[in-house]
Amino acid sequence: MNARAARVVGDGPLPERRAWSFPLDLDAYDRQGQLTAAELRALLELGPAYLRRSRARGADQRTPRWDALTRLVAPLDEARAVLHHAPTARYRRAGAHAAGLVLQHCAETGRAYWGWTAPDWATLCCPSAEEFLAARTLPTEITVRPFLVALGYLLGGFTDAQQLGTFNRLHLAQLVFGADLVEDSMRRAGEILDGWGYRGVLTAQHRWRGMFAQALLINRSPRLEDLTTEAFRQLRAHPANAEHHGAMLFALQRAVAALRHCDPPVRTGANAVPVIEGADPSWIGWVQRWYDTSTLTPKVRATIRTLMAKAGRWLATEHPEITEPAQWTRQTCAAWVAAVDRMRVGDYVQRRDALGGRGGRPISPRTKAHVLTASRTFFRDCQEWEWFPRRFDPVRALAVPRSVAALIGTDPRVIADEVWAKLLWAGLNLAPEDLPGNSADTYYPMELIRAVTLTWLFSGLRSDEVSRLRLGCVRWQHDGVAIPGDARDVLADDAVCLLDVPVHKTGTAFTKPVDPLLGQALEAWQTSRPEQPPTLDRKTTEHVNILFAVRAQPVAKNYINRTIIPTLCAKAGVPTTDVRGSITSHRARSTIASQLYNAKEPMTLFELQAWLGHRTPSTTQHYAKISPNTLSKAYTEAGYFARNIRTIEVLVDRDAVTAGAAAAGHPWQHYDLGHGWCSYTFFEQCPHRMACARCDFYTPKGTTKAQLLEAKDNLQRMLASIPLTDDERAAVDDGHTAVDALLARLADVPTPAGPTPHELGAPPTVTLLPLVQVTHSDSR
C-alpha cells in the first residue's frame, strides 16, 4: 500500500465512518509488496473459488491457510466494512468477490496489493465492464467491479479513472463516502449553479454529477470545504480530468468560490503569448521589455509584439550584425520600409500552418501601414523612455510611403441591401430549431439569443460593446420625458428607446436611440435573466452586472460570428461570404451606418458620428458609404447637363433644302430670337446670341420679310440645344444686370456679318432670348 491510502483530508469533525481516510500502518508491511512463501502457498492452495469466501465460512480445516493470509486479508476486510451500500446479500457477496479477486491477483503476480502501481490496479479492473466480465474464469456479477475499484481507491490510492473507460463515478463516490454526504455537497454547489443559469445540474442524468463525483474522489473528501484553491490546481493537473471536463471544473470552482472556500478560477492560456523564435535573443529581450512596459490594451500590445518579432527575424536574415533597437539608423529604417513594401504573406513568420493558400501573395497596403505603424510606436516609446539615445525620428524615418498611402482609402464593407433584408427577416423569425444544439436545448436561453441577435441587427455596436452592455441599459422616453418600460399604452405611440453604450474603443460611454423592437427584446431577456454575480469589466476594471451573462460569465465576444451569423445565413438562404469577404459582426456596423446615411431623410455625417460613438468624422467616413442610387439621384437633381445646355426654337425651311438653295448659301434655318429671326447657320457659335447686335443675318419680326417667312407652308419647327458660357448662364440665371454686363463686354466683338455692335450703331438691347431649360421626358 502506498502513502496516498493513509492520507487524512480535512481538519474539521468527520463522521465515524471515514472511508476516504482509511488508516493503515505501513511500517508493519513490506513496502515492496513481496509475498512470503507461506502466503503464496496458501493463496495457491485455496484457489480462486475459495478466495471469494470469508474466513468465517472457511473456518474448519482451512483455518491454517487463512491464518497465513492475515496480513493480506485484514486490510481488505476493514476496507469492505467502511463501504456504504445497502445491507443486502447481493452487495455483501460483491464485496467478498472483489476481495477474492484482489487476493487471486496477488497470487498471479507474487506481490501484495500495497506494492501495486496504478497500471496494476487498472489491469485488474479492466478498461470496460464487458472486458472485466470476460476476463473472469468464474461467474461474476457486474456489481463486483465498482467494489473492486473502491478497494483499489482505499488500499492503493487508485484514482486514474481515465484508464477504466465509462463507468458510474457517482456510484463509486457514494460507495466510498456515503450517499448522504455526496448528495448534500452536490446540492449546495448545484443550487448556486442552477441560480446562475446552468440548466439541469440538479437532475439525475446531467453529466456534471459524474464530474463532481470524480472531483471529490480525486480530492479524497466529500466536503466542499476541502476543495481549496490548491485542490483545484491538482484536480486540473490530474490525468482523469480530460480536456472536456475543463468547463465543468471551472463552474465547480466558481460555485465553491461563491461559498468562500477557495479563490475564483482564472482562465489560463486565453491571454498567453507565444515565445518568440527565429530572432536574436537580445532583440527578443527588448521586444518583451517593451511589451511588459507599454500601457496599450493587451490586444494592441500583442499585435505590436508579433510585428516586431517579424522585424527581428528580418534582421537575423538580412542584418545579423544588428541585434538591438539602439543600433538602428535611418539607413536601417529605409531598408525595413523597403522590405515591408515588398513583403509577402508568410515572410518572416513563426508559424505557417494557418496561411492556407495565401502564402506568397503580396501583403495588402493596409497591412504594410500597420507594420510600419507598429514599428513607429515601438521606437518612439523606447526613445521617449530613454532606453537608448535618439538617432532618428521614427515618425519620418518609418513613415508610410506615399505610393502605399495612396492605395488606402475609405471602403466600408457594406452588406448588400437584399442580403441584409433577408438577414433581418431571419433574425426577427429566429426559432430554437434553427440553432445548433443537442436534444437537451440550445446552449444559451432563447431569450438571450434573440436579444443578442436583434442587438447585432439594429444597434450598430461593436462585438465588444455588445458583450459588455450593462444591466438596465435600456431606457424609454416620450416627448423628452422618461417613462417606465412597461407603459405599453405610451410605447405604442412614438416612444423613443435609448440604449446606454459602455466605454468603448475610442471614447467614453454614451447614449444612442435604437428601434423600440430592440428595446423590447432586451427587456424580455432582462426579465428572465438569472441572477448573476458581478463581472470584471477588463476595459474599465470595474465589477459590473453584464446584461448578456449566464452561468456566471458573459457571452463570448465571438458568439455572433461563430453561431448567430451562420444560423441567420442558413435560415435566410444566403451564403456566409460575399464579394467583400465573410459576413462578420463588424460589417453590420458599416451596413447600418450606410443605410442611415442614404435614407430618405438621411442622417448627417456629424449625426452619424455621434450615433456610432466615433471621436472624429473622418472615422465615420470609413463606415458610411453613399449608395449608387443616392448618388445618381443627387447628380440628377444637381442638373449639371441642364445647367449648361438650353434650347431655342428654330424654323427649318424644307423647300430651300429640297430645292438645293441651302447648298448655294441661301438661309434655311431661322432661329427665333423673340423679337426677330437669325439666319446665321452657326448660331450656337455666335457670341452675340444672347443679345443680338442686329447684323445682316437678323430679320425683325413684323417686317414684310419676316411675315413672308412665317407664311411659308413647308416649315418645320424644331428645338436646338445651345451650350452656354459662364457669362451667358449668369445672364439667364441672374437677369438684366448680367445681360447689361454681357452687352458691354460684347460691344467690340465682331458679329457673324463682320461689323462690331459699335460699328453697327445699334443701341444695346436687354431683350432676353426665349431659352428654356432642357427637360427629360418620362421614359414610360
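Since the structure is predicted, the reported quantities are computational estimates derived from the model, not experimental observations. (Residues numbered from 1 in each chain as written. Predicted model: local features only at pLDDT ≥ 70, side-chain atom pairs only at ≥ 80, totals over all residues. Heavy atoms only, no water.)

This paragraph deals with the overall build of the protein. When helices and strands are tallied, the protein shows 34 helices and 16 strands. Buried positions account for 45% of the 780 residues belonging to the protein. Within the protein, residue pairs in contact and separated by at least 24 positions form 65% of the contacts whose partners lie at least 6 positions apart. Looking at the protein as shown, the accessible area adds up to about 40100 Å², and 53% of this sits on carbon and sulfur atoms. (Helix = DSSP H or I, 4+ residues; strand = E, 2+ residues; numbered from the N terminus. Buried < 20%, exposed > 50% of the residue type's maximum accessible area, 1.4 Å probe, protein only. Contact = heavy atoms within 4.5 Å. Areas by Shrake-Rupley, 256 points an atom, 1.4 Å probe, with all protein chains shown as cover.)

With that out of the way, let us pick up unusual backbone geometry. Here the phi dihedral of Arg-220 falls at roughly 60°; this positive angle occurs in a residue that is not glycine. The topology assignment puts Arg-220 in the loop between helix 10 (208–219) and helix 11 (229–237). By relative accessible area, which is 4% here, Arg-220 ends up buried. Phi angles above zero are rare outside glycine, and Arg-551 is one such case at about 60°. Counting through the fold element by element, Arg-551 comes out in the loop between strand 7 (549–550) and strand 8 (553–554).

There is a patch of like positive charges on the surface, built from Lys-299, Lys-505, Arg-538, Lys-539 and Lys-557. Along the chain, Lys-505 falls in the loop between strand 3 (496–501) and strand 4 (510–514). Note on Lys-505: relative accessible area 65%, which makes it exposed. (Patch = residues over 30% accessible without salt bridge, like charges linked within 9 Å, V, L, I, M, F, W, Y side chains within 5 Å. Salt bridge = Lys/Arg side-chain N within 4 Å of Asp/Glu carboxyl O. Lys, Arg positive; Asp, Glu negative; His and termini not counted. Charge placed at Lys NZ, Arg CZ, Asp CG, Glu CD.)

It is worth spelling out the pairing of strand 3 at this point. Summarising the sheet, strand 1 (residues 474–478) and strand 3 pair through 4 bridges and their orientation is antiparallel. For Val-474, the partnering residue across the bridge sits in strand 3 and is Leu-499. Here strand 3 runs beside strand 4; their pairing, made up of 5 bridges, is antiparallel. Looking across to strand 4, one finds that Asp-500 is bridged to Thr-511. (Pairing = 2+ DSSP bridges.)

The subject of this paragraph is helix 14 (residues 298–318). Helix length check: helix 14 (21 residues) gives 30 Å between terminal C-alpha atoms against 30 Å at 1.5 Å per residue, within 8%. Among the residues of helix 14, Arg-301, Ile-304, Arg-305, Leu-307, Met-308, Ala-309, Lys-310, Ala-311, Gly-312, Arg-313, Trp-314 and Leu-315 are the ones counted as buried. On its buried face, helix 14 is in contact with helix 13 (281–293), helix 15 (330–341) and helix 16 (365–384). (Expected span 1.5 Å × (residues − 1).)

A word on the packing of aromatic side chains. Two aromatic rings, taken as a pair, are described by how far apart their centres are and by the angle between their planes. Scanning all chains against the criterion turns up 19 aromatic pairs. Both rings, one in Tyr-113 and one in Trp-116, keep their centres 6.5 Å apart while their planes meet at 80°; by these two values the pair is edge-to-face. Arranged with centres 5.9 Å apart and planes meeting at 70°, the rings of Trp-286 and Phe-388 form a pair that is edge-to-face. Of this pair, Trp-286 sits in helix 13 while Phe-388 sits in the loop between helix 16 and helix 17 (394–397); the two residues are 102 residues apart in sequence, bridging distant segments of the chain. Site record: aromatic cluster; members linked through ring pairs are Trp-283, Trp-290, Trp-314, Trp-328, Trp-336, Phe-378, Phe-379 and Phe-392. Seen from the ring of Tyr-291, Arg-301 lies directly overhead, with NZ or CZ sitting 4.6 Å from the centre. (Phe/Tyr/Trp six-rings, centres within 6.5 Å; stacked < 30°, edge-to-face > 60°. Lys NZ or Arg CZ within 6 Å of the ring centre and 35° of its normal.)

Take the pattern of salt bridges next. Scanning all chains against the criterion turns up 22 salt bridges. Between Arg-380 and Asp-381 there is a salt bridge whose closest N-O contact spans 3.4 Å. Its relative accessible area of 37% is what places Arg-380 among the partly exposed residues. The partner of Asp-537 in a salt bridge is Arg-470, with the nearest N and O atoms 3.2 Å apart. You can see Asp-537 sitting in strand 5 (residues 535–537) and its partner Arg-470 sitting in the loop between helix 21 (463–467) and strand 1, a full 67 residues away along the chain. One network of salt bridges, with partners in common, ties together Asp-464, Arg-468, Arg-470, Asp-537 and Glu-542.

The next point concerns the packing of helix 9 (residues 179–196) against helix 10. To describe two helices that pack against each other, one gives the angle between their axes and the distance between the axes. Packing of helix 9 against helix 10 leaves a shortest axis separation of 11 Å and a crossing angle of 125°. Between helix 9 and helix 10, the interaxial angle falls into the category oblique. The element helix 9 and its partner helix 10 pack so that their crossing is right-handed. Across the interface between the two elements, Val-182, Glu-183, Ser-185, Met-186, Ala-189, Gly-190 and Leu-193 of helix 9 pack against Trp-208, Arg-209, Phe-212 and Leu-216 of helix 10. (Axes fitted to C-alpha atoms, helices over the stretch in contact; angles between N-to-C directions. Parallel < 35°, antiparallel > 145°, perpendicular 65-115°, else oblique. Left-handed = near helix turned anticlockwise from the far one by under 90°.)

Mean pLDDT over the protein works out to 81, with 80% of the residues at or above the 70 mark. Across the protein, the secondary-structure element scoring lowest on mean pLDDT is strand 16 (residues 772–773), at 46, and the one scoring highest is helix 15, at 96. Predicted confidence for residues 1–19 stays below pLDDT 50, and this span has 54 contacts to residues more than four positions away or in other chains. With pLDDT under 50 throughout, residues 766–780 is counted as low confidence; its partners more than four residues away or in other chains account for 31 contacts. (pLDDT = per-residue confidence, 0-100.)

This next bit is on the nonpolar core. Counting 81 residues, the largest nonpolar core has Leu-43, Leu-69, Leu-72, Val-102, Tyr-113, Trp-208 and Leu-252 as the members making the most contacts within it. With 9 residues, the single largest contributor to this core is helix 7 (residues 144–156). Residues Leu-454, Ile-564, Leu-568 and Ile-583 belong to the second largest nonpolar core, which totals 53 residues. (Core = buried A, V, L, I, M, F, W, Y, C linked by side-chain atoms within 4.5 Å.)

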